[in-house]
Amino acid sequence: MYLRRTYRRGAFEYAIAESFEVDGVWQYRELCHLGEDPGAFIEYPGGNSFYIDEDLERDLERADVLFSTDELERLFLPFLDPEIRRVVDLFDRGGYSPKRRRTYSSREMDALQKGLHSFDKRRLHYLRCGRVDIGNLEEKSWKFLNVLLEKSRDEIEHILEDMERQLPEREIRAYLFTALHLQTHFSHLVSRNHPGMLDPERVDHFFLEDLCRLNRDERFFRGVRRDDHSILHPYLNRYVMLYFDQGWDPHSVWDEDIQDFISRHRLYRSSPSGAHGLSPEEVGACRELGLEPLVFRTLSRGEVVQSYRRKALEAHPDTGGDHEAFVRIKEAYECLIRLKH
């Protein structure tokens, strides 16, 4: 079992789901819908104890799901009262023991891992090791990949998305560069594994090209029902947002520092227009993101990022938008985010 999260009607909704196999193809099914607050299913009888709503357990039993109490409680740990969660972690470092994983013989592991998609292998390798140069993952089987075996595409995406949330922002682009193996588009043996040294426009071009190619890859979407292959699937759509939210480290940061230094030490400054204290270029950027200049001054960095994500999603060509509008939105975001250190 795993906790499935989807974004609907402006909010996240949750469900308990499980992967199952039909004719050699792994799919998923939702077992119980939990709504927007899974914490509502946690009961606190007193002290530091808790248990999961008994009606929910009975619903799972009626669905012929095999599970243990510990396994079910583990799904709800992120929604536990923070003080009780602290006590649980104190007495059980690392939380509840995960469900015992199946052990594989070398022959079984080799056969099953050959069925894993290279995109999944590269993602997990970077998330575990943090390396852009991944070597040859196809050469042999690796035990760390077993966590992805015998799971549906949906469960694999939830496992990796949970791990991605732990990535520092400065590593996100390097992670996606590695996951899509964009190194193959560059010939220089040194710079190809240092994406910050490469032409950013070429990297951006290959990122979108390869992501769209993956969107058409039937092997990657095996077991997933798709009605429209021309639209970027939600499993991949999140990577467009992650990628264009970030700059390359360290070169983009270095360039921004230089520009900030020049701006602070100019002898002649252009007069800001109006009470908002923004230059005409910055005012135009605000309008591109749908922000009022006076309101922009009160927004946090995260709120500016969220505004950009909404506009970029509307304008991205893969979601039916206009390429030129998408470029303008990206440039507006880069102009404004520098003001939110």
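So, here is what we can say about the structure in this document. Everything quoted here is computed from the prediction, not taken from an experiment.

**Thoughts on the environment of R85**
If you trace the backbone, R85 turns up in helix α3 (residues 82–91). Measuring from C-alpha to C-alpha, the distance between R85 and N48 comes to 8.7 Å, with 37 residues separating the pair along the chain. The residues contacting R85, other than those within four sequence positions of it, are L77, P78 and L80. From its side chain, R85 meets the backbone oxygen of L77 in a polar contact 3.0 Å long.

**Re the side chain of Q113**
In this fold, Q113 is placed in helix α4 (residues 106–113). Looking at Q113, the relative accessible area reads 2%, which means it is buried. Side-chain polar atoms of Q113 contact the backbone oxygen of W142, separated by 2.6 Å. Those residues in contact with Q113 that lie beyond four places of it in its chain are K121, S141, W142, K143, L145, N146 and L149.

**Observations concerning empty space enclosed by the protein**
Overall, the coordinates contain one cavity of 30 Å³ or more when judged by the stated rule. Quantified by volume, the largest cavity comes out at close to 30 Å³. For the largest cavity, the full set of lining residues is W26, Q27, Y28, S152, R153, D154, R222, G223, V224 and Y235. For the lining of the largest cavity, the secondary-structure elements that each account for two or more residues are β3 (25–35) and α6 (153–164). Tallied by class, the residues present in the lining of the largest cavity amount to four nonpolar, three polar and three charged.

**Notes on the sheet that holds strand β2 (residues 11–22)**
One open sheet accounts for three strands, arranged β1-β2-β3; its pairing is antiparallel. Pairing within the sheet leaves two strands with one partner each, and these edge strands are β1 (2–8) and β3. Here the strands of the sheet are splayed against their neighbours by 40 degrees on average, with no regard to which way each runs. Summarising the sheet, β1 and β2 pair through seven bridges and their orientation is antiparallel. Looking at the pairing, Y2 lines up with A17 of β2. Together, β1, β2 and β3 form the strand contacts of helix α2 (residues 69–76), whose direction differs from that of β2 by roughly 145 degrees. On the sheet, α6 packs against β1, β2 and β3 and is oriented at approximately 85 degrees with respect to β1.

**Observations regarding the packing of aromatic side chains**
Applying the stated criterion across every chain, the model contains twelve aromatic pairs. Summarising the aromatic geometry, the rings of Y126 and Y175 are spaced 5.6 Å apart at their centres and angled 50 degrees between planes, so their arrangement reads as tilted. Pair noted here: Y126 is in helix α5 (residues 118–129) and Y175 is in helix α7 (residues 172–179), with a separation of 49 residues, a long-range link. Like Y126, the residue Y175 is buried in the burial classification. One cation-aromatic arrangement involves K140 over W142; the distance from NZ or CZ to the ring centre is 4.6 Å. Taking the ring centre of F221 as reference, the NZ or CZ of R226 above it sits at 4.0 Å.

**Observations concerning the pairing of strand β5 (residues 49–52)**
Only one face of β5 is covered, namely the face carrying F50 and I52; the face carrying S49 and Y51 is uncovered. Of the pairings in the sheet, the one linking strand β4 (residues 42–46) to β5 comprises three bridges and is antiparallel in character. Bridge assignment links E43 to a residue of β5, and that residue is Y51. Counted between consecutive antiparallel strands, the loop separating β4 from β5 contains two residues, among which G47 sits at a positive phi close to 65 degrees.

The rules behind each value
- Residues numbered from 1 in each chain as written.
- Predicted model: local features only at pLDDT ≥ 70, side-chain atom pairs only at ≥ 80, totals over all residues.
- Heavy atoms only, no water.
- Helix = DSSP H or I, 4+ residues; strand = E, 2+ residues; numbered from the N terminus.
- Contact = heavy atoms within 4.5 Å.
- Polar contact = N/O pair within 3.5 Å; in protein donor to acceptor, adjacent residues only side chain to side chain.
- Buried < 20%, exposed > 50% of the residue type's maximum accessible area, 1.4 Å probe, protein only.
- 1 Å grid on protein atoms, 1.4 Å probe; cavity = no way out; pocket = protein on both sides within 12 Å on 5 of 7 lines; lining within 4 Å.
- Points joined across faces, edges and corners; volume = space filled by probe spheres on them.
- Nonpolar A, V, L, I, M, F, W, Y, C, P; charged D, E, K, R; others polar.
- Pairing = 2+ DSSP bridges.
- Axes fitted to C-alpha atoms, helices over the stretch in contact; angles between N-to-C directions.
- Phe/Tyr/Trp six-rings, centres within 6.5 Å; stacked < 30°, edge-to-face > 60°.
- Lys NZ or Arg CZ within 6 Å of the ring centre and 35° of its normal.

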